[in-house]
Amino acid sequence: MKRFESYGGGLPGVSLDDLSGWLIVVEGTDGVGRTTHVNRLRAHLERLGYAVAETGLSRSDLASRGIHRAKQGNTLGSNAFNLFYATDFADRLQQQIVPALRSGFVMITDRYIYSLIARAIVRGADPDWIKKVYSVALRPDAVYYLRIDVENLVPRVLADGPFDYWESGMDLPMGEDLYESFIQYQSRVIAELDGLAREYGFQTLDATRDVDAISEDLCARVSRLLQDRRPALATPLS
Amino acid sequence: MKHVETYGQIPNQSPGRLFIVEGIDGSGKSTQLTLLAQWLRSQGHRVVFSEWNSSPIVRATTARGKKRRLLTPLTFSLIHATDFSDRVERDIVPALKAGAIVLADRYVYTAFARDVARGVDPAWVRALYRFATVPTLAVYFRVPLDVALYRILSGRPKLKWYEAGMDLNLHPDTTESYKLFQARIQAEYERIVPEFGLEVMDATRPVEIQQRLLRQLVTPHLNPAASREQSRRAVVAETGG
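Heads up: these notes are all about the structure in this document. Computed from a predicted model, the values in this text were never measured in an experiment.

Counting its secondary structure elements, chain A contains eight helices and five strands. Along its sequence from the N terminus, chain A presents helices and strands in the succession β-α-β-α-α-β-α-α-β-α-α-β-α. A globule of 238 residues ought to have a C-alpha radius of gyration of about 18 Å, and chain A, at 18 Å, matches this closely. With the C-alpha coordinates aligned to their principal axes, the bounding extent of chain A is approximately 65 × 40 × 30 Å. Put simply, 78% of the contacts in chain A that link residues at least 6 apart link residues at least 24 apart.

See below:
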């Protein structure tokens with residue numbers, strides 16, 4: 001039996017037959033603390049002896065520079081932006097995620113297609129269309145959704161500095177007021193993620209808790225998953 | 001999964017017109033489109049030219065991907081869709097709203113043919129381009145493969161990696177790979193023509209005959225107001241001078 005398959009028609013020219021490893025997704029909106037938890041999870045798994053690799057949005061060799069340039073000037077149409085992120089994702093899927101799984105790594109991805117889908121929908125993309133575009137993605141072993149409401153998100157974001165232009169949806173017609181726009185934009189992104197959580201079966205973690213409590217919860221859940229679902233290739237001795 | 005809308009469902013509802021040409025390399029479509037543009041301008045129409053792969057921001061990424069051979073069939077498809085989408089949003093749709101005649105040398109059908117020839121799922125790539133306006137008129141320049149290959153290979157010294165389909169490992173020799181790749185693309189075009197109702201031009205006929213036929217195809221779609229406007233202006237110019 002295949003360990004991994006894509007949501008839709010598969011990846012052109014890429015065999016998924018020889019994949020092992022695990023694909024772990026950490027999802028959540030901007031400023032919820034994903035990076036902290038990904039770092040702690042990685043350290044935890046490495047202590048247990050797993051080989052861990054990591055990826056995240058706009059970190060592709062192909063498109064990361066172009067995306068950063070386009071963001072500086074807000075010079076790309078919004079639908080084109082959606083597709084630019086899809087290009088970045090597809091490059092990472094084929095150049096980072098698939099090779100890591102082929103080598104039996106635990107691949108942790110700091111956000112996956114779901115944040116990209118949610119953001120595209122908030123920016124006016126047709127939901128069926130953008131989900132179809134991302135149907136090339138591999139179905140992960142688990143999606144851990146760090147869930148927070150906007151009221152609790154605001155103090156966390158402010159602790160890290162001023163509101164970010166893009167994280168406040170300032171490219172959208174939500175008014176000139178950065179704070180108001182942030183509240184509106186993030187509320188909509190969170191609402192979309194909540195919908196996707198039901199549709200794609202995320203495990204939801206309450207991210208309003210203390211940081212240590214969240215990371216203990218996350219590490220325990222992932223450890224359990226890795227023990228329950230050992231890939232056949234990883235158990236040569238018995 | 002719910003019904004996913006696909007390409008072909010967004011008609012042009014603007015006052016402008018969108019005329020596009022398609023065909024394999026060496027089919028002569030670009031020559032014909034250039035001649036058509038000159039004629040339309042001489043008739044007093046406002047003409048906007050839109051070329052494949054022309055958005056400045058995305059172009060840098062595409063160039064990087066091609067130069068370093070980073071592109072897979074999937075990312076090749078997506079980066080071109082990104083570029084095309086930017087072109088639609090920035091160039092094509094506003095020009096159509098302004099009532100211009102937009103001429104496009106290649107359109108979504110190029111992606112359908114080329115990406116599927118690379119192994120991309122046909123239904124997926126059609127859904128990918130769902131956002132694109134259906135052209136007023138699409139003309140496919142049909143030419144025998146050996147004629148097109150002769151035109152290209154006798155004139156051009158060096159074929160590029162992706163252009164020759166070298167990423168598909170069809171043949172170690174660039175020219176041989178190019179031939180095999182073009183044959184695949186042509187086979188896809190032949191599926192696309194009936195699927196989307198493209199007009200077919202016999203591209204083996206003399207240039208001037210093809211141009212006459214192309215003008216005939218375009219004429220019923222032209223807005224007579226534009227040429228009326230031109231004659232009115234001519235009258236004003238006469239009486240004024």
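Still more to cover.
The next subject is the overall build of chain B. Counting its regular elements, chain B contains nine helices and five strands. Each helix and strand of chain B, placed in order from N terminus to C terminus, yields the pattern β-α-β-α-α-β-α-α-β-α-α-β-α-α. Across the 241 residues of chain B, 41% fall into the buried class. Taking as baseline every contact in chain B between residues at least 6 positions apart, the subset at least 24 positions apart corresponds to 79%.

Contacts between chain A and chain B engage 29 residues on the former and 31 residues on the latter. Counting residues per element, the side of chain A that touches chain B draws most heavily on helix H3 (residues 78–102) of chain A, at nine residues. Of the residues contributing to the side of chain A that touches chain B, the split by class is 14 nonpolar, nine polar and six charged.

All names here are of chain A. Taking strand neighbours across the sheet as the criterion, the five strands line up as E2-E3-E1-E4-E5 in an open arrangement whose pairing is parallel. Of all the strands in the sheet, just strand E2 (52–56) and strand E5 (203–206) have a single pairing partner and so form its edges. Across this sheet, the average inter-strand angle for adjacent strands is 20°, counted without regard to direction.

Relative orientation of the contacting elements helix H2 (residues 64–73) of chain A and helix H2 (residues 56–67) of chain B amounts to 165°, with a least axis distance of 9 Å. In terms of orientation, H2(A) and H2(B) fall into the roughly antiparallel class. The element H2(A) and its partner H2(B) pack so that their crossing is right-handed. Residues A:Gly66, A:Arg69 and A:Ala70 of H2(A) form the contact with H2(B), whose own contacting residues are B:Ile57, B:Val58, B:Ala60 and B:Thr61. Class assignment of the residues belonging to the contact of H2(A) with H2(B) gives a composition of four nonpolar, two polar and one charged.

Before going further, it helps to examine the sheet that holds strand E5 (residues 199–202) of chain B. Residue and element names in this part refer to chain B. Taken in spatial order, the five strands of this open sheet run E2-E3-E1-E4-E5, and their pairing is parallel. Both outer strands of the open sheet, strand E2 (47–51) and E5, are each paired with one neighbouring strand and no more. Between one strand axis and the next, the sheet turns by 20° as a mean value, whatever way the strands run. Sheet topology places strand E1 (residues 17–22) next to strand E4 (residues 137–142); four bridges connect them, and they run parallel. Bridging across to E4, phenylalanine 19 finds its partner in leucine 137.

The phi dihedral of A:Ser58 is positive, around 50°, even though this residue is not glycine. Position of A:Ser58 relative to the elements: it lies in the loop between E2 and H2. Of the residues examined, A:Ser58 has 17 C-beta atoms within 10 Å and is grouped as partly exposed. In this structure, B:Arg106 is a non-glycine residue whose phi angle is positive, near 80°. Structurally, the position occupied by B:Arg106 is in the loop between strand E3 (101–105) and helix H4 (108–117).

Residues and elements named next belong to chain B. Among the six residues in E1, six count as buried, and that is most of the element. Burial along E1 is two-sided: the face carrying Arg17, Phe19 and Val21 and the face carrying Leu18, Ile20 and Glu22 are both buried. Where E1 meets E3, five bridges bridge the pair, whose relative direction is parallel. Note on E3: the bridge partner recorded for valine 21 is aspartate 105.

Turning next to the environment of B:Leu96. Residues and elements named next belong to chain B. Residue placement: leucine 96 occurs in helix H3 (residues 73–97). It is 28 Å that separates the C-alpha atoms of leucine 96 and alanine 203, two residues lying 107 residues apart in sequence. When near neighbours in sequence (up to four residues on either side) are disregarded, leucine 96 contacts Asn12, Ser14, Gly16, Leu18 and Val102.

This next bit is on the nonpolar core. Ranked by internal contacts, the top residues of the largest apolar core, which has 130 residues, are A:Phe84, A:Met107, A:Ile117, A:Tyr134, A:Leu146, B:Val102 and B:Tyr129. It is H3(A) that provides the largest number of residues to this core, a total of 13 residues. Those residues in contact with A:Met107, other than ones at most four positions away along the chain, are A:Gly21, A:Trp22, A:Leu23, A:Ile24, A:Ala53, A:Ile97, A:Ala100 and A:Leu101.

Here the focus is the pairing of E3(B). Residues and elements named next belong to chain B. Among the five residues of E3, four are classified as buried, and the element is accordingly described as predominantly covered. As judged from the five bridges shared by E2 and E3, these two strands associate in the parallel manner. Opposite valine 47, over in E3, you have isoleucine 101 as the bridge partner.

We now examine helix H8 (residues 211–228) of chain A. All names here are of chain A. With 18 residues, H8 ought to run about 26 Å at 1.5 Å a step, and its terminal C-alpha atoms sit 26 Å apart, in line with that. Residues of H8 that are buried include every one of Ile214, Ser215, Leu218 and Val222, and no others. For H8, the angular spread of the buried residues around the axis is 90°, confining them to a single face. In H8, the exposed residues that point more than 90 degrees away from the buried face are Asp212, Ala213, Ala220, Arg224, Gln227 and Asp228. In this structure, the buried side of H8 is in contact with strand E1 (22–27), helix H1 (34–47), strand E4 (142–147) and E5.

What counts and how
- Residues numbered from 1 in each chain as written.
- Chains lettered and ligands numbered in written order.
- Predicted model: local features only at pLDDT ≥ 70, side-chain atom pairs only at ≥ 80, totals over all residues.
- Helix = DSSP H or I, 4+ residues; strand = E, 2+ residues; numbered from the N terminus.
- Rg over C-alpha atoms; globule rule 2.2 N^0.38 Å.
- Contact = placed C-beta atoms within 7 Å.
- Buried ≥ 20, exposed ≤ 12 C-beta atoms within 10 Å, placed from the backbone.
- Nonpolar A, V, L, I, M, F, W, Y, C, P; charged D, E, K, R; others polar.
- Pairing = 2+ DSSP bridges.
- Axes fitted to C-alpha atoms, helices over the stretch in contact; angles between N-to-C directions.
- Parallel < 35°, antiparallel > 145°, perpendicular 65-115°, else oblique.
- Left-handed = near helix turned anticlockwise from the far one by under 90°.
- Core = buried A, V, L, I, M, F, W, Y, C linked by C-beta atoms within 7 Å.
- Expected span 1.5 Å × (residues − 1).
- Arc of directions from axis to C-beta.

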